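# Examining the three-dimensional arrangement
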Amino acid sequence: MTYQETCEYLYNQMPMFERQGASGYKEGLTNTLALDEHFKHPHKAYKTIHIAGTNGKGSCAHTLSAILQMCGYKVGLYTSPHLVDFSERIRVNGQPIDEDYVVEFVEQQRPFIEHIQPSFFEVVTAMAFKYFAEKEVDIAVIEVGLGGRLDCTNIITPILSIITNIGMDHTQFLGHSFEQIATEKAGIIKSGIPVVIGETTHETRPVFEAKAKEVKAPIIFAEDQQEIKTFSPSDNGMKYQTQHFGILEGQLGGIYQAKNANTILCAVKELEKMGYMHACSCQEDAICQNREVREGFLNVCQLTSLKGRWQVVDEAPLTICDTGHNVAGWQYLSEQLKTVKCHQMHIVFGMVEDKDIEGVIALLPKDAIYYFTKANNKRSVSENVLKLYAKSQDLKGESYPDVISAYKAAKNAATEKDFVFIGGSSYVVADFLKNRI
């Protein structure tokens, strides 16, 4: 098989939540443990950092990976979903997995894979762990796929666990309350392993405290540390005044990144305590402190190939895409959009069916022109259905059968003083980045 044929085999022959929804989700660790035994536990060959949470997992994972790379480590990075190509999911020092490796892995392991019939994510997780071992990484940053307790990444014993935040997402699997969802994500907290919690609510904090106490894991609440003192948008992304790291320029734009940055810096402090970071001895000049942290924040996209986080794709008109896809994410994005200065705002918008569509649409700007669309994904909501939801909120716009036709309509209607936004779903952003001219 060619690389593309191999990817299609992975997408189409195995249950895949990202394309199929609930029917593509396999709960439990039976297949994961069988794959791990088959490959002789490759994740034990290197250190790991485990990251769960409703939003911000990707930004935190990529930024920590960038910082660790700047420290001289060979860093594996496992994230999902991909936006443009499958190989984005598995990277070493920012370089995607070799296409030949993907082909050879599937060809060699196909009999075993078809015997146990795992899900797409179970197979890809096993591939990632094996690839990192063969590439002899020093440390791998592992993003949870869905939830935590029963996620197939949860066979690792990391040096540090991170839970970014809790929002109402994937409720059909994780529960219909903040406490239930927090309980599932708290499943990554391991015995004696420090855990950094990014944000809490009065419902979720006791859940994390109880789990950490149960397994005797040191727990650090980033919101109590306040590493980020002030923040503001900058020409390059975001500018942060920090408590212990001086002034940082963050390449990732969007005001929601301030919460992520606070979580990341608390994680860095924990890694410093363990001896994985190079704490600066110069206490008088903040600019001298933690070059690795500053360079990691400033160059995260180049170091890790991150895409889709308040990503500027054109300047005239200003065109930005963002993968925010649930109510928790749009609570920040709606505030971010209010800060954009433009003559007219054009929003290319689509969602998938298992999200709180009404909740997100209620947060959308009222004065924008909308281009309702759907991504090339079975879970996508019809553009006409979205238009009906939007009409109930007095949002005005037309529907388009695919992302690129919606984008072209927005681009043709916009003047240089206007603003174009593409989002609502990771898959909308993926279709845009893959197919735009």
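About the cut-offs
- Residues numbered from 1 in each chain as written.
- Predicted model: local features only at pLDDT ≥ 70, side-chain atom pairs only at ≥ 80, totals over all residues.
- Heavy atoms only, no water.
- UniProt positions renumbered as here; feature names shortened; annotations may be inferred.
- Helix = DSSP H or I, 4+ residues; strand = E, 2+ residues; numbered from the N terminus.
- Rg over C-alpha atoms; globule rule 2.2 N^0.38 Å.
- Buried < 20%, exposed > 50% of the residue type's maximum accessible area, 1.4 Å probe, protein only.
- Contact = heavy atoms within 4.5 Å.
- Areas by Shrake-Rupley, 256 points an atom, 1.4 Å probe, with all protein chains shown as cover.
- Lys, Arg positive; Asp, Glu negative; His and termini not counted.
- Charge placed at Lys NZ, Arg CZ, Asp CG, Glu CD.
- Polar contact = N/O pair within 3.5 Å; in protein donor to acceptor, adjacent residues only side chain to side chain.
- Expected span 1.5 Å × (residues − 1).

Looking up the protein in an unreviewed UniProt entry gives the name Dihydrofolate synthase/folylpolyglutamate synthase, with the organism given as Prevotella aff. ruminicola Tc2-24. According to the UniProt record, the Cofactor (unreviewed entry) comment for the protein reads "Mg(2+)". Note on the protein: under the UniProt heading Sequence similarities (unreviewed entry), the record states "Belongs to the folylpolyglutamate synthase family."

## Quick word on the overall build of the protein
Helix and strand content of the protein: 18 helices and 17 strands. The C-alpha radius of gyration computed for the protein amounts to 21 Å, which stays within 12% of the reference 22 Å derived for 437 residues, consistent with globular compactness. Split into buried and exposed, the 437 residues of the protein put 58% on the buried side. Contacts spanning at least 24 positions in sequence make up 73% of the contacts within the protein whose residues lie at least 6 apart. Only carbon and sulfur atoms are counted for the fraction: they give 48% of the accessible area of the protein, which is about 18200 Å². In the protein, which carries 43 positive and 54 negative side-chain charges, the distance between the mean positions of the two groups comes to 1 Å.

## A short note on the side chain of N326
Summarising the element assignment, N326 is placed in the loop between β13 (318-322) and α14 (327-338). Only 2.8 Å separates the side chain of N326 from the backbone nitrogen of G329, close enough to count as a polar contact.

## Some words on the UniProt feature "domain: Mur ligase C-terminal" (unreviewed entry) in the protein
The UniProt record marks residues 308-425 with the feature "domain: Mur ligase C-terminal" (unreviewed entry), using the residue numbering of this structure. Between the C-alpha atoms that bound residues 308-425 there is a distance of 10 Å. The span itself is 31% helix and 24% strand.

## So, helix α11 (residues 257-274)
Between its first and last C-alpha atoms α11 spans 25 Å; for 18 residues at 1.5 Å apiece the expected length is 26 Å, and the two agree. A positive backbone phi angle near 90 degrees is found at G275, which sits one or two residues after α11.

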